[in-house]
Amino acid sequence: HHYVAIMAGGIGSRFWPISRSKYPKQFLDVLNVGESLLQSTFKRFAHFIPVENIFIVTFEDYADLVKEQIPDALEANILREPSRKNTAPCVAYIASKLHQRDPDATLIVAPSDHLILDTVAFIDTCRQAFDYVDRFVSLLTLGIRPTYPNTGYGYIQYDQTPYEGNVYPVITFTEKPQLEFAKTFIASGDFLWNAGIFVWKVRDVLTAIEKYLPEMYEVFHAEEEYFNTPKEQEALERIYPQCVNISIDYGIMEKADNVAIIPSEFGWSDLGTWNSAYENMDKDYLGNAVKGDNVVIIDATKNVVQASNNKLVVLQGLDEFVVVDTNDVLLICKKEKEQEIKDYMTEIKRNK
Ligand code: GDD
Ligand code: MG
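Keep in mind it's a predicted model, so treat the numbers as computed, not measured. (Residues numbered from 1 in each chain as written. Chains lettered and ligands numbered in written order. Predicted model: local features only at pLDDT ≥ 70, side-chain atom pairs only at ≥ 80, totals over all residues. Heavy atoms only, no water.)

*Asks:* For this particular structure, what's the right way to read the environment of Cys90?
*Replies:* Here Cys90 shows up in helix H3 (residues 87–101). For Cys90, a relative accessible area of 5% corresponds to the buried category. Taking the C-alpha atoms as reference points, Cys90 and Ile248, separated by 158 residues in sequence, lie 8.7 Å from one another. Excluding its chain neighbours within four sequence positions, the residues that come into contact with Cys90 are Met7, Val57, Glu81 and Tyr240. (Helix = DSSP H or I, 4+ residues; strand = E, 2+ residues; numbered from the N terminus. Buried < 20%, exposed > 50% of the residue type's maximum accessible area, 1.4 Å probe, protein only. Contact = heavy atoms within 4.5 Å.)

In structure tokens form, the structure reads like this:
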């Protein structure tokens, strides 16, 4: 009864201009390791979940890319969303589909674009999580000890007395807080970052969706009979336009009162932004992380530089910037303002 759904439909907009809507970063070899983030993610799960129980949920435009990159995935397990509605509809879809075929299914929902260094520890944590949610009605998430006040993550306050073993009760869940709050949370020592990897019985997450996103629940529920039939895709075409665009974090996790957390240590990093990539790249003695052969750095520190064409890129006197040169875009942005890249993109699109 154990399943995995890898969410691979996002745009990775904070990783622009390397991550583009036609080719988002989960399909890229961001860390230069010879495989894309999605490929690493699939492999990691294939170590302990049979491939017929691994699903990849993606935006329909990326389905071919997924097929090409993951030849081991069953064709029927590559699920195509007709539009991009963020992660709550994605979870509602896979949970409804699995529930219809296996009401006792237990599911890991995972992002497709993270770095996890210690696979053995990761698998061990997932096993503990499965074991817990198999026995209790609980929405479980994996927590990471925070290192700095990154405002792009969920912050989870947890009770220091465990339910059992390494599973702790969650007191509050705050998605993407303001910087001042993030600082306070970190200083208090009671908070973990949400890794965005969730484990639950499909039955229990559907109950939560029914409670906190009742309209969305109804829309999926009404079309339930078509899941796992040749009419599934047509049903999705009716369902998706009716769904609000909301993440599972805002839609469910902030509100639910049965959330549990496993504080985890498996060398996790969200490669969601230039800063997090910077943290995981090799740096020169002045703290510059450089990808690309034609980059010259003079009197500059702590920059992340990526030059992906043949142009010579020279930096002088620049500190703590993101400099990314692609064929059609040059980005120069303060490293601390990286969360805003998402907003510029919306602005840029509007003005074009
Ligand atoms: N199928 C599908 N459909 N996948 C999607 C969609 C969608 O509409 N939108 C996003 N995804 C995928 C992304 O590709 C990514 O793998 C994953 O879902 C999470 O989405 P992000 O957009 O990257 O979320 P986030 O990084 O802002 O925040 C989440 O992750 C953080 C940790 O990395 C939250 O769960 C935070 O609480 C968490 O701290
Ligand atoms: Mg992310």
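*Asks:* What is the right way to read the site of ligand 1 from this model?
*Replies:* The immediate surroundings of ligand 1 are formed by 27 residues, with Glu81, Glu175, Asn194, Asp249 and Asp270 found nearest. Between ligand 1 and the protein, one listed contact pairs an oxygen atom with a backbone N or O atom of Ser112 at 3.0 Å. Burial of ligand 1 by the protein chains amounts to 91% of its free accessible area of 740 Å². Residue assignment for the shell around ligand 1 shows that the elements contributing at least two residues are strand S2 (54–59), H3, strand S9 (191–201) and strand S11 (268–270). Among the elements that make up the shell around ligand 1, the one with the highest residue count is S9 (three residues). When its residues are assigned to classes, the shell around ligand 1 shows eight nonpolar, 11 polar and eight charged. (Near = heavy atom within 4 Å. Polar contact = N/O pair within 3.5 Å; in protein donor to acceptor, adjacent residues only side chain to side chain. Areas by Shrake-Rupley, 256 points an atom, 1.4 Å probe, with all protein chains shown as cover. Nonpolar A, V, L, I, M, F, W, Y, C, P; charged D, E, K, R; others polar.)

*Asks:* Teacher, can you tell me more about the confidence of the model for the protein here?
*Replies:* Fine structural detail should not be taken from predicted coordinates in areas where pLDDT scores are low. With 98% of its residues at a pLDDT of 70 or more, the protein shows a mean pLDDT of 93. Listed scores for the predicted complex are pTM 0.90 and ipTM 0.99. (pLDDT = per-residue confidence, 0-100.)

*Asks:* Help me understand the layout of surface pockets, please; the structure alone is not making it clear to me.
*Replies:* To find leftover empty space, a probe the size of one water molecule is rolled over the atoms. In this model, the largest pocket occupies a volume close to 1200 Å³. Surrounding the largest pocket, 44 residues form its lining, Gly10, Arg14, Asn86, Thr87 and Lys342 being those nearest its centre. Among the elements of the structure, S2, H3, S9, helix H9 (248–253), S11 and helix H11 (341–350) are those that each provide at least two residues to the lining of the largest pocket. When its residues are assigned to classes, the lining of the largest pocket shows 14 nonpolar, 18 polar and 12 charged. (1 Å grid on protein atoms, 1.4 Å probe; cavity = no way out; pocket = protein on both sides within 12 Å on 5 of 7 lines; lining within 4 Å. Points joined across faces, edges and corners; volume = space filled by probe spheres on them.)

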